[in-house]
Protein chains: 2
Amino acid sequence: MPENIATSETGSPLYLRVRDQLAEQIERGEVTANIKLPSERVLAERFETTRVTARLALAQLEAEGRIYRSNRRGWFVSPPRLIYNPTEDYSFSDNAVSQGRLPRTETLEVRCTVVSAWLAGKTGLETGDPVVLVRRRRYLDERPVLVENIYLNPRRLPGIKDFDFNRSLWKLLRDQYSVDLVQKKIEMFPTALVDPQASALSVNAGTAGLCVNRCSRDAAGGFVEFDEEFWLHDTLSIQVNVA
Amino acid sequence: MPENIATSETGSPLYLRVRDQLAEQIERGEVTANIKLPSERVLAERFETTRVTARLALAQLEAEGRIYRSNRRGWFVSPPRLIYNPTEDYSFSDNAVSQGRLPRTETLEVRCTVVSAWLAGKTGLETGDPVVLVRRRRYLDERPVLVENIYLNPRRLPGIKDFDFNRSLWKLLRDQYSVDLVQKKIEMFPTALVDPQASALSVNAGTAGLCVNRCSRDAAGGFVEFDEEFWLHDTLSIQVNVA
DNA sequence: CCGCTCATCTGGTATAGACCAGTATCAAGG
DNA sequence: CCTTGATACTGGTCTATACCAGATGAGCGG
């Protein structure tokens, strides 16, 4: 009776034993950050099983944040998570660089629109009020890791729509408008990314993500901006200090 | 040519069309919180497809936090997320009750042990220092939603191991030790739950979760407790205010 | 050199079964 | 009445296979 290669002491499911072997290889550094894993068909053959089971093992590692997939290109080892503090004014780029990463920001869209019922509930604005929407996509080492929708108050920030949003928004508010963001309401929850966010990040609908919403006001309590961020779940670690 | 029931205008994959129909039923309230969905075999038959595809659709809804599974019992509609602020001293029970939920806390284990290298790195203690470990499981409406490992400083909290941990730890520290937790370092990241946390919550390894770590110190900067929480991903929404 | 075509490789979706291991239910037996 | 045990039902795991569509890279033609 030929025993499966991944068969070992335990009676655990085959796909978890395959997972364990792959995880070991990653930990031993045989495959490292952003290195491509063997194809699903090769893995299935190597572990003497089928693609379905190999994919279960890969999905497990993906859920743990150890590997990620690139559409129809293959599976890759996840780099370390970016440490991120959403309570502080900060520059995404500076933060990424200080952690040895290569950041990039892409402005997808700048549009004048009006406050929806949903946004009104989040910000306290009135439905129909004017608002500027900025959509951006951000990369770490050329992997897209988040998309965000920023809603800016054009009354508080006249002319805002004509600026360059590929630079730090926080520096823009500070230098051009002398805005001091002192009040923030932050909301975070894990969820699956669905369209349109999923396609903007070139991942399948259902990929695990983290949604971070942030409502910022100035010292007088006036609404400045609402920021809705959609991160890939394996790319960040939130850190907050309370002193 | 018999067309599939879930076949519609779009050319999107079948499992996403099945997802859409189930999501609609949930939104219309035809199935509501904690109600069991039809079995996978029934769904497969109803949508004229196979269990594999039905399971893809269910996994999608699970990833979005709309439904959850109970081992070999079936799929159920997820109740609303618990709103949770990890920066504030608070009682899990009070918080749950105020949101109309029924909380329950179970102490799994209380044990005197020593600081591991990992814990030393997180707390600044020395490896080998004494520490009290408390493991708890918490429920909302009789569904287990989180397990936590609490590491308490026995030097700062003499006799702590003999208290009842089914009540609020925060109230215990306040009333019995007059501790004021003024410094906190909080870390949060989405990940998959693996053993032993997965089994403690009666979910499969790989179920999406959120890990929340919190290191608390008193006014003098002395280490009081380190708390490691493992939540099911669909059960909470983090909310933090910065004033 | 550049740009195009096309074969090949990749993961994505889907079918059609199979057996296993817990759960729930209820009738039979104490 | 309660307990027990058979049983049907549930999701969990797994095999084997097929076709599709996007990504890639080699090679050809300009």
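Everything below is about the structure printed above this text.
All of the points below concern the structure found in this document. All values reported here derive from a predicted model rather than from experimental measurement. (Residues numbered from 1 in each chain as written. Chains lettered and ligands numbered in written order. Predicted model: local features only at pLDDT ≥ 70, side-chain atom pairs only at ≥ 80, totals over all residues. Heavy atoms only, no water.)

## Thoughts on helix α1 (residues 14-27) of chain B
Residue and element names in this part refer to chain B. Given a rise of 1.5 Å per residue, 14 residues ought to cover 20 Å, and the 20 Å separating the end C-alpha atoms of α1 matches this to within 8%. Regarding α1, the residues found buried are Leu16, Arg17, Val18, Arg19, Leu22, Ala23 and Ile26. Next to the buried residues of α1 lie α2 (40-46), α3 (51-63), β1 (67-70) and β2 (74-77). Following α1 by one or two positions, Gly29 has its phi on the positive side, about 80 degrees. (Helix = DSSP H or I, 4+ residues; strand = E, 2+ residues; numbered from the N terminus. Expected span 1.5 Å × (residues − 1). Buried < 20%, exposed > 50% of the residue type's maximum accessible area, 1.4 Å probe, protein only. Contact = heavy atoms within 4.5 Å.)

## So, the relation of the copies chain B and chain A
Superposing chain B onto chain A takes a rotation of 180 degrees plus a shift of 0.0 Å along the axis, which leaves an RMSD of 0.0 Å. Here the symmetry operator amounts to a two-fold rotation axis. Relative to the rotation axis, the C-alpha of Pro190(B) is the closest in chain B, positioned 3.3 Å from it. By residue overlap, the copies meet face to face through one surface: 97% of the interface positions of chain B are interface positions in chain A. (Least-squares fit on C-alpha atoms with pLDDT ≥ 70 in both.)

## Brief notes about the packing of α1(B) against α3(B)
Residue and element names in this part refer to chain B. Contact geometry of α1 with α3 gives a least axis separation of 8 Å together with a crossing angle of 55 degrees. Comparing the axis directions of α1 and α3 gives the class oblique. Where α1 crosses over α3, the two elements pack in a sense that is right-handed. Facing α1, whose interface residues are Leu14, Tyr15, Leu16, Val18, Arg19, Leu22 and Ala23, α3 presents Thr53, Leu56, Ala57, Leu58, Gln60 and Leu61. Partitioning the contact of α1 with α3 into residue classes produces ten nonpolar, two polar and one charged. (Axes fitted to C-alpha atoms, helices over the stretch in contact; angles between N-to-C directions. Parallel < 35°, antiparallel > 145°, perpendicular 65-115°, else oblique. Left-handed = near helix turned anticlockwise from the far one by under 90°. Nonpolar A, V, L, I, M, F, W, Y, C, P; charged D, E, K, R; others polar.)

## What to know about the packing of aromatic side chains
Considering all chains together, one arrives at 16 aromatic pairs over all chains under this definition. Ring centres 6.4 Å apart and planes at 40 degrees place the aromatic pair Tyr151(A) and Phe226(A) in the tilted group. Pair noted here: Tyr151(A) is in strand β6 (residues 143-152) and Phe226(A) is in strand β9 (residues 223-232), with a separation of 75 residues, a long-range link. Summarising the burial analysis for this pair, Tyr151(A) and Phe226(A) share the class buried. Ring geometry for Tyr68(B) against Phe76(B): centres 5.8 Å apart, planes inclined by 25 degrees, an arrangement best described as stacked. Under the relative-accessibility criterion, Tyr68(B) is labelled buried at 11%. Taking relative accessible area as the criterion, Phe76(B) reaches 9% and is therefore assigned buried. These aromatic residues form a ring-pair network of at least three members: Tyr84(A), Tyr90(A), Phe92(A) and Trp231(A). Just above the ring of Tyr68(B) sits the side chain of Arg143(B); from NZ or CZ to the centre is 3.7 Å. (Phe/Tyr/Trp six-rings, centres within 6.5 Å; stacked < 30°, edge-to-face > 60°. Lys NZ or Arg CZ within 6 Å of the ring centre and 35° of its normal.)

## With respect to the pairing of strand β7 (residues 183-193) of chain A
Within a regular strand, side chains alternate between the sheet's two faces. Where burial is concerned, most of β7(A) is hidden: nine out of the eleven residues are buried. Of the pairings in the sheet, the one linking β7(A) to strand β8 (residues 207-217) of chain A comprises eleven bridges and is antiparallel in character. Note that in β8(A) the partner of Thr191(A) across the bridge is Gly209(A). With five bridges connecting them, β7(A) and strand β10 (residues 236-242) of chain B associate as antiparallel partners. Considered in β10(B), the bridge of Lys184(A) is made with Val242(B). (Pairing = 2+ DSSP bridges.)

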